[in-house]
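# Close look at the chain arrangement
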Amino acid sequence: LKPGANNPRLAHTYTLEPVYQWGFNAIVENERSTANHGTAGALLRQLYVRQALQSLITQKLYIDRLEKGYGVPSYGAVPVWPRNPYSSSYEASNPYPYSPSHAIALLKSHGWKVVPGGVSICKKPGKGAGHCGAGIKAGAKFEFTMRYASGTLTIKDVTVAERDSWEKAGVRMNLIAQSFAAILGASTPCPHGCSWQFAAVGLGWDYGGTTYPTGQELFAKDAQSNYPSFTTPAVNKLIQDTITPTSRSSFVKYENRIAKELPDIWQPERFTVAEIHKGIPHPPLSPSSNSTPATLHWK
């Protein structure tokens, strides 16, 4: 993946280089949300709900039309771009491609009266096949509130596009624009319950100087950065296996499970660009933002 054409005034002297981030971007969901008398959290703990939400996000279109090509898709907790030895074929294949018909079918098969353009309503409460799920009462509305970071037009455009797409399946997402700091302050991990529902700051997660993208910081039980308060015994075991791996298969099992379980709603990760003088041979720019001036020299 390459950025668009360089500025004509610079192209004769400089090369436009992408600087991919070693991370992913996602909308954080709170599976322990107490909003709407606990209905929000009960909804988000249902895998089919998270699958429906993800199936209504069309990442490639957002990258092409709204981000002008300056982005790459996220399909899980392991970066799929730049190409790397950690990304599995399952995750890179996009497990939940854009499909409004699939999202609507999921909701109908779990007891929802789908109201495209409106708000879908639970008609079959309770647990078990064909029902809305534990903690979801009859008449419950498929409605949420999402805080998104203000001040950046691209973040706003993508967020509004996602809201409009979710409405195709009768999912109402009420948007609240806030500062980056305000969202971070409000959207904290709360395994015992709190009111926030969705948060989109637009920056995602950056593994920084850590080249090994384990889930220990993100999705292990009681992890400091486990904002969705997502946890299952199976995932905790898989994360532990990535910390002391005996083979690559243990890591693949972890990342595939996370890509399937959707503890976050994946969305495009934007990348930055650099203008490099054509007289300076250089290796690919570091996705972990490490500067390596010792490798640079004039021809």
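The sections below set out a description of the structure shown in this document. (Residues numbered from 1 in each chain as written. Predicted model: local features only at pLDDT ≥ 70, side-chain atom pairs only at ≥ 80, totals over all residues. Heavy atoms only, no water.)

Describing an aromatic ring pair means giving the distance of the ring centres and the angle of the ring planes. On inspection of all chains with the given rule, the structure shows 15 aromatic pairs. Summarising the aromatic geometry, the rings of Tyr 20 and Phe 271 are spaced 5.1 Å apart at their centres and angled 75° between planes, so their arrangement reads as edge-to-face. Taken as a pair, Tyr 20 in the loop between β1 (14-19) and β2 (23-29) and Phe 271 in the loop between β11 (269-270) and β12 (272-277) lie far apart in primary sequence, 251 residues in all. For Tyr 20, a relative accessible area of 13% puts it in the buried group. According to the relative accessible area criterion, Phe 271 is buried, its value standing at 7%. For the pair Tyr 212 and Phe 251, a centre-to-centre distance of 5.4 Å together with 45° between the ring planes defines the contact as tilted. Taken together, the residues Tyr 212 in the loop between β9 (205-206) and α9 (233-243) and Phe 251 in helix α10 (residues 248-261) connect sequence positions 39 residues apart. Among the residues examined, Phe 251 registers a relative accessible area of 4% and is labelled buried. Ring pairs connect the aromatic residues Trp 22, Tyr 86, Tyr 212, Phe 251 and Tyr 254, which therefore count as one cluster. (Phe/Tyr/Trp six-rings, centres within 6.5 Å; stacked < 30°, edge-to-face > 60°. Helix = DSSP H or I, 4+ residues; strand = E, 2+ residues; numbered from the N terminus. Buried < 20%, exposed > 50% of the residue type's maximum accessible area, 1.4 Å probe, protein only.)

Mapped onto the secondary structure, Gly 279 falls in the segment after β12. A sequence separation of 167 residues divides Gly 279 from Trp 112, and the C-alpha atoms of the two residues are 62 Å apart.

Here α9 crosses α10 at 140°, and the two axes come no closer than 8 Å. For the pair α9 and α10, the crossing hand works out as left-handed. Here Ala 234, Val 235, Leu 238, Ile 239, Asp 241 and Thr 242 of α9 come into contact with α10, specifically with Ser 250, Phe 251, Lys 253, Tyr 254, Arg 257 and Ile 258. (Axes fitted to C-alpha atoms, helices over the stretch in contact; angles between N-to-C directions. Left-handed = near helix turned anticlockwise from the far one by under 90°. Contact = heavy atoms within 4.5 Å.)

With that settled, consider the state of the cysteines. Taken as a whole, this structure holds two disulfides when the rule is applied. Shown here is the disulfide that connects Cys 122 with Cys 132, its sulfur atoms set 2.1 Å apart. The S-S bond linking Cys 122 to Cys 132 shows a torsion near 110°; that makes this disulfide right-handed. In this pair, Cys 122 sits in strand β5 (residues 121-122) while Cys 132 sits in the loop between β5 and β6 (143-149), placing the two residues ten residues apart along the sequence. Classification of Cys 132 as buried rests on a relative accessible area of 0%. Disulfide pairing places Cys 190 opposite Cys 194 at an S-S distance of 1.9 Å. One quick way to see it: the torsion about the S-S bond of Cys 190 and Cys 194 is about -55°, and its sign makes the bridge left-handed. (Disulfide = S-S within 2.5 Å.)

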